[in-house]
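Structural features, examined
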Amino acid sequence: MTPSAWSSLLILTVLWASGYSLSRLLLPGNRLARGDALLRFGIAPLLGCLLFAWLLYLPLAMGARWTWGYLGAVWCIHGGLALWAVQGVFRGWRRSLAAWEKASYSVRFSFLATVVILLSTAVPAATGGLWGYDARAIHGLKAKVLAEQGTLNEADFRDVHRLHFQPDYPLLVPIIESQVFMLAGYEQDQGLLLLFWGFVVSIGCLWASWLLSLDGTQGAWLVPVFMLTPWLGSFAEGGGVSGSVDVVLVTYLLAGGIGVARALTAGNQRYAAMGGLAFAGTMLVKQEGTLWAALAMISMVITWVWTRQRWTISRPLSISVNSEADGEPHSGEKDDASWAIPRKILLTTFGIMAAMVLPVFLLLQWTHGDIPQSPLYRSYSHALSWGWLITCGSRVPQIVQFAAAEFVNNVWGFGWGGLAFALVLKRRYRLTGEVLFLRILAGIAVACYIAIFLVTPYPLLYHLFTAFRRLMFHAYPLAILILAEQLCATRLTHQLGWVLWGGKRPRQPSGNAPSCDKARTSSETVLDKAA
């Protein structure tokens with residue numbers, strides 16, 4: 001391994017460990033809800049990188065320069081948090097060992113298969129360098145400038161005629177990359193992709209936590225299936241380990257979607273804080289993050305309005321596992337309105353979300369507002385004209401044809417095609433507000449992304465070939481959450497699991513929580529009290 005690879009691994013480890021301490025503060029306690037232990041581990045690198053980037057963003061926003069003393073203080077903070085995390089891991093290793101011994105064979109096999117898949121991606125990432133245009137010209141170059149100069153006031157960020165594209169892009173990823181260059185040298189980028197591989201691992205943890213909360217251990221086999229998505233391990237431009245920031249963005253989006261969805265339905269505002277911090281992180285990664293944060297807040301309101309309609313959506317039916325009639329309600333089932341999201345929970349979640357993203361929005365405007373645009377940039381708003389309205393209709397068939405071909409492309413594995421198939425299957429219980437929020441958010445985001453190509457000032461086919469797949473990648477992890485819940489609601493996770501394990505139900509540990517076809521009583525209790 002090269003010095004850059006060792007530096008990337010060291011920085012990733014420290015930030016992950018420090019973020020784990022923050023996640024323990026965000027989701028405290030030893031007796032966590034089902035899936036929250038993996039959720040805590042999955043959001044750890046996101047919180048660590050967010051805190052690190054925020055601390056180093058403040059001097060840049062004030063026009064100052066990084067000093068060795070300030071950098072040392074920031075690393076001391078993260079080092080202390082990392083040591084606290086290590087101490088907590090040593091204290092809880094007995095519980096982790098006991099959980100592994102009680103785990104079913106399907107969980108163990110799925111865990112080992114996922115580890116093999118991730119390691120097969122880590123090996124080439126440890127030897128590969130930044131080669132794509134985005135990885136070099138947009139983010140890697142900024143990282144080298146920051147590592148060398150430690151400020152945004154030099155000509156490299158101000159002169160639009162230099163080799164520099166989009167100088168007003170957010171800087172979370174260049175700030176992290178700059179630390180690698182400072183440790184390994186400005187010419188060393190072989191192994192820098194390990195930073196991005198860490199976010200692929202985080203995506204796997206977040207998917208696993210979602211499946212565990214839905215279906216106990218029955219759906220564990222889906223995790224390695226989803227992790228086999230070729231685009232997650234792709235080195236092509238915009239792929240998971242290509243050096244592009246898209247994988248970082250989608251990891252923050254995935255955590256934000258899970259956090260806000262659970263806050264709306266479980267009534268636990270710690271999830272709202274997690275979702276707000278994650279969406280704040282998206283804004284520091286890429287400009288599309290601001291759009292996603294706004295769409296998340298709009299989707300919250302739409303979900304609340306929808307769930308208030310008694311005839312549209314209700315709390316899921318409690319189906320007994322031994323019941324022969326599909327959809328037979330459990331005794332004591334309340335009326336449909338009891339599943340509606342209370343206004344108090346909506347306002348609290350919305351307020352926490354706004355409190356997290358608004359300071360980041362102001363920070364970005366303050367830092368990048370006066371940086372001139374590249375002469376190659378074309379404004380989307382200027383493309384809106386009568387001439388555009390006349391030619392807009394001719395773009396629709398090209399966009400639809402290109403999108404249809406892309407959604408069945410093998411780079412997505414079972415993702416988009418599996419979702420289209422699963423959505424037509426009959427559910428065994430009705431839709432929950434948690435999943436409804438994710439469906440609305442993903443649907444609106446995909447619609448907005450497709451609408452971009454209707455107003456693009458660039459040649460249509462050029463823009464489709466260079467941007468469409470990357471934009472759909474942003475919504476892909478959320479689509480996997482929707483697909484996993486739909487498979488759980490149709491009991492395909494159980495039926496296909498029995499086929500994988502020779503027609504036998506995988507061994508379950510004693511005291512397992514009920515699977516997804518039973519009611520999630522903790523969420524219902526909270527909502528009943530709030531209503």
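Above: the structure in question.
Residues numbered from 1 in each chain as written. Predicted model: local features only at pLDDT ≥ 70, side-chain atom pairs only at ≥ 80, totals over all residues. Heavy atoms only, no water.

Here's the deal with the packing of helix α1 (residues 3-26) against helix α3 (residues 44-61)
- Their axes nearest at 6 Å, the elements α1 and α3 cross at an angle of 105 degrees. By the criterion of interaxial angle, the relationship of α1 to α3 is roughly perpendicular. Where α1 approaches α3, its residues L15, W16, S18, G19, Y20, L22, S23 and L26 are matched on the opposing element by A44, P45, L47, G48, C49, L51 and F52.
- Residues that form the contact of α1 with α3 fall into these classes: eleven nonpolar, four polar and no charged. (Axes fitted to C-alpha atoms, helices over the stretch in contact; angles between N-to-C directions. Helix = DSSP H or I, 4+ residues; strand = E, 2+ residues; numbered from the N terminus. Parallel < 35°, antiparallel > 145°, perpendicular 65-115°, else oblique. Contact = heavy atoms within 4.5 Å. Nonpolar A, V, L, I, M, F, W, Y, C, P; charged D, E, K, R; others polar.)

Notes on the nonpolar core
- Among the nonpolar cores identified, the biggest contains 153 residues, and I175, W207 and F279 are the most heavily contacted of them.
- The element contributing the most residues to this core is helix α19 (residues 460-489), with 19 residues. (Core = buried A, V, L, I, M, F, W, Y, C linked by side-chain atoms within 4.5 Å. Buried < 20%, exposed > 50% of the residue type's maximum accessible area, 1.4 Å probe, protein only.)

Regarding helix α4 (residues 68-91)
- With 24 residues, α4 extends 34 Å between its outermost C-alpha atoms, agreeing within 8% with the 34 Å of an ideal straight helix rising 1.5 Å per residue.
- Turning to α4, its buried residues number three or more, namely L71, V74, H78, L81, A82, A85 and G88.
- Structurally, α4 contributes buried residues whose contacts are with α1, α3 and α9 (172-184). (Expected span 1.5 Å × (residues − 1).)

Things to note about the packing of helix α14 (residues 288-308) against helix α18 (residues 433-455)
- Interhelical geometry of α14 versus α18 gives an angle of 135 degrees and a closest axis separation of 8 Å. Considering the angle they form, α14 stands oblique to α18. α18 is crossed by α14, and the crossing has right-handed handedness. On α18, the residues touching E288, L291, W292, L295, A296, S299, M300, I302, T303, W306 and T307 of α14 are G433, L436, F437, I440, L441, I444, A445, C448 and Y449.
- Of the residues in the contact of α14 with α18, the class split is 15 nonpolar, four polar and one charged. (Left-handed = near helix turned anticlockwise from the far one by under 90°.)

Details of a nonpolar patch on the surface
- Residues W93, L97, W100, F111, L112, V115 and L119 make up a contiguous nonpolar surface patch of about 660 Å² in total accessible area.
- For the nonpolar patch, the secondary-structure elements that each account for two or more residues are α5 (93-102) and α6 (105-125).
- Mapped onto the elements of the fold, V115 is located in helix α6.
- The partly exposed category is assigned to V115, whose relative accessible area is 31%. (Patch = residues over 30% accessible without salt bridge, like charges linked within 9 Å, V, L, I, M, F, W, Y side chains within 5 Å. Areas by Shrake-Rupley, 256 points an atom, 1.4 Å probe, with all protein chains shown as cover. Salt bridge = Lys/Arg side-chain N within 4 Å of Asp/Glu carboxyl O.)

As for the pattern of salt bridges
- The final tally for this structure, using the stated rule, is nine salt bridges.
- Beyond isolated ion pairs, a larger network of salt bridges with shared partners links D134, E237, D246, K286 and R470.

Considerations on the packing of aromatic side chains
- In total, this model carries 16 aromatic pairs according to the counting rule given.
- Ring centres 4.8 Å apart and planes at 50 degrees place the aromatic pair F52 and W75 in the tilted group. Placement of the pair is F52 in helix α3 and W75 in helix α4, with a sequence separation of 23 residues.
- The exposure class assigned to F52 is buried, which follows from its relative accessible area of 1%.
- With 6.5 Å between their ring centres and 85 degrees between their planes, W412 and W416 make a pair best called edge-to-face. W416 matches W412 in its accessibility class, with the two residues each being buried. (Phe/Tyr/Trp six-rings, centres within 6.5 Å; stacked < 30°, edge-to-face > 60°.)

Details of the side chain of R262
- Mapped onto the secondary structure, R262 falls in helix α12 (residues 246-266).
- Taking relative accessible area as the criterion, R262 reaches 6% and is therefore assigned buried.

Overview of empty space enclosed by the protein
- For the structure on display, the rule yields four cavities of 30 Å³ or more.
- Approximately 90 Å³ is the volume found for the second largest cavity.
- The wall of the second largest cavity is formed by L12, L15, C49, L172, V173, I176, E177, L195, F196, F199 and V248.
- For the lining of the second largest cavity, the secondary structure elements donating two or more residues are α1, α9 and α10 (194-215). (1 Å grid on protein atoms, 1.4 Å probe; cavity = no way out; pocket = protein on both sides within 12 Å on 5 of 7 lines; lining within 4 Å. Points joined across faces, edges and corners; volume = space filled by probe spheres on them.)

What about α19?
- The sharpest bend along α19 reaches about 45 degrees and sits at A467.
- Judged by how many residues are buried, α19 sits mostly within the fold: 25 of 30 residues are covered.
- A positive backbone phi angle near 65 degrees is found at R491, which sits one or two residues after α19. (Bend = angle between axes of the 7 residues up to and from the residue.)

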